[in-house]
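Single-letter residue listing:
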Amino acid sequence: MKHKALVIALLTVVTSSAIAAEDDPEEVIRALYKAYGPWEHRGLNLRNRAVLSKYFSPELTKLFLKNAQVERDCPKGDLCGLEFDPILGAQDFDDHLDFKLHIAEAIPPQTGRFEVRFKLFNEEKPEQEQVLTFQLVQLKNGWRIDDIIYTKDNASLKAVLTAIADEAAHLKE
């Protein structure tokens with residue numbers, strides 16, 4: 001009997017976590033980084049539609065899948081597709097990173113727009129933090145990330161992925 005109660009309690013916690021992540025845009029961002037964590041030897045398969053659609057809008061999911069195709073079609077030895085980690089907005093990070101995620105509403109406030117800050121290297125000063133702006137959209141199945149703006153480069157993930165897909169399509173012509 002105790003075992004059954006424990007299972008029900010665990011299912012309730014898991015279910016309420018999933019619901020909270022869909023109802024709160026900030027929680028979608030937190031869930032993404034919690035699942036991602038390459039410094040803890042975890043990661044997300046950014047080539048898998050089911051994985052992508054848990055966090056990203058249909059449009060951004062489609063662009064990630066196009067990027068994955070560009071990478072698969074890439075001649076051996078060439079660099080094709082994204083040349084940086086799109087979730088971190090960088091190429092490098094400490095292997096044993098003490099990762100602390102800070103999320104705040106973007107200024108000026110805009111629905112679904114959040115500023116995300118974190119360090120990529122344990123010894124970084126606050127002014128060296130990575131600063132990304134996440135734009136989320138509310139869909140029938142909850143909030144999803146629709147774009148990431150890399151503030152240091154003034155670049156958009158959507159724009160970068162679109163340019164990669166367009167260039168690959170142009171090269172096929």
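Worth saying up front: this structure is predicted, and the values here are computed from it rather than measured. (Residues numbered from 1 in each chain as written. Predicted model: local features only at pLDDT ≥ 70, side-chain atom pairs only at ≥ 80, totals over all residues. Heavy atoms only, no water.)

## Let's talk about the pattern of salt bridges
For the coordinates displayed, the defined rule picks out nine salt bridges. For Glu129, the salt bridge goes to Arg117, with nearest N and O atoms at 3.6 Å. With Glu129 in the loop between strand S2 (113-118) and strand S3 (130-139) and Arg117 in strand S2, this residue pair connects regions lying 12 residues apart in the sequence. Relative accessible area serves as the criterion here: at 11%, Glu129 is assigned to the buried category. Taking relative accessible area as the criterion, Arg117 reaches 31% and is therefore assigned partly exposed. (Salt bridge = Lys/Arg side-chain N within 4 Å of Asp/Glu carboxyl O. Helix = DSSP H or I, 4+ residues; strand = E, 2+ residues; numbered from the N terminus. Buried < 20%, exposed > 50% of the residue type's maximum accessible area, 1.4 Å probe, protein only.)

## A closer look at the nonpolar core
If you look at the biggest cluster of nonpolar residues, it comprises 38 residues, and the most contacted ones within it are Leu32, Tyr33, Phe56, Phe64, Phe118, Phe134 and Ile145. Those elements that provide at least two residues to this core are helix H2 (25-36), helix H3 (49-55), helix H4 (58-73), S2, S3, strand S4 (142-150) and helix H5 (157-172). If we ignore the near neighbours within four places in the chain, the residues touching Phe118 are Tyr33, Ile87, Leu88, Phe99, Lys100, Leu101, Glu129, Gln130 and Leu132. (Core = buried A, V, L, I, M, F, W, Y, C linked by side-chain atoms within 4.5 Å. Contact = heavy atoms within 4.5 Å.)

## Some details on the state of the cysteines
Overall, the coordinates contain one disulfide when judged by the stated rule. Disulfide pairing is shown between Cys74 and Cys80; the S-S distance is 2.1 Å. Since a negative S-S torsion denotes a left-handed disulfide, the Cys74-Cys80 link at about 65° is right-handed. For Cys80, a relative accessible area of 24% gives the class partly exposed. (Disulfide = S-S within 2.5 Å.)

## Details of the confidence of the model for the protein chain
Taken as a whole, the protein chain shows an average pLDDT of 86; of its residues, 87% reach a score of 70 or greater. Within the model, the stretch residues 2-21 combines pLDDT values under 50 with three contacts to residues more than four positions away or in other chains. (pLDDT = per-residue confidence, 0-100.)

## A closer look at the packing of H4 against H5
Between H4 and H5, whose axes approach to 9 Å, the crossing angle comes to 45°. As the angle between them shows, H4 and H5 are arranged oblique. Seen along the crossing, H4 lies across H5 with a hand that is left-handed. Between H4 and H5, the residues in contact are Glu59, Leu60, Leu63, Phe64, Lys66, Asn67, Val70 and Asp73 and Leu157, Lys158, Leu161, Thr162, Ile164, Ala165, Ala168 and Lys172, respectively. Residue composition of the contact of H4 with H5, by class: nine nonpolar, two polar and five charged. (Axes fitted to C-alpha atoms, helices over the stretch in contact; angles between N-to-C directions. Parallel < 35°, antiparallel > 145°, perpendicular 65-115°, else oblique. Left-handed = near helix turned anticlockwise from the far one by under 90°. Nonpolar A, V, L, I, M, F, W, Y, C, P; charged D, E, K, R; others polar.)

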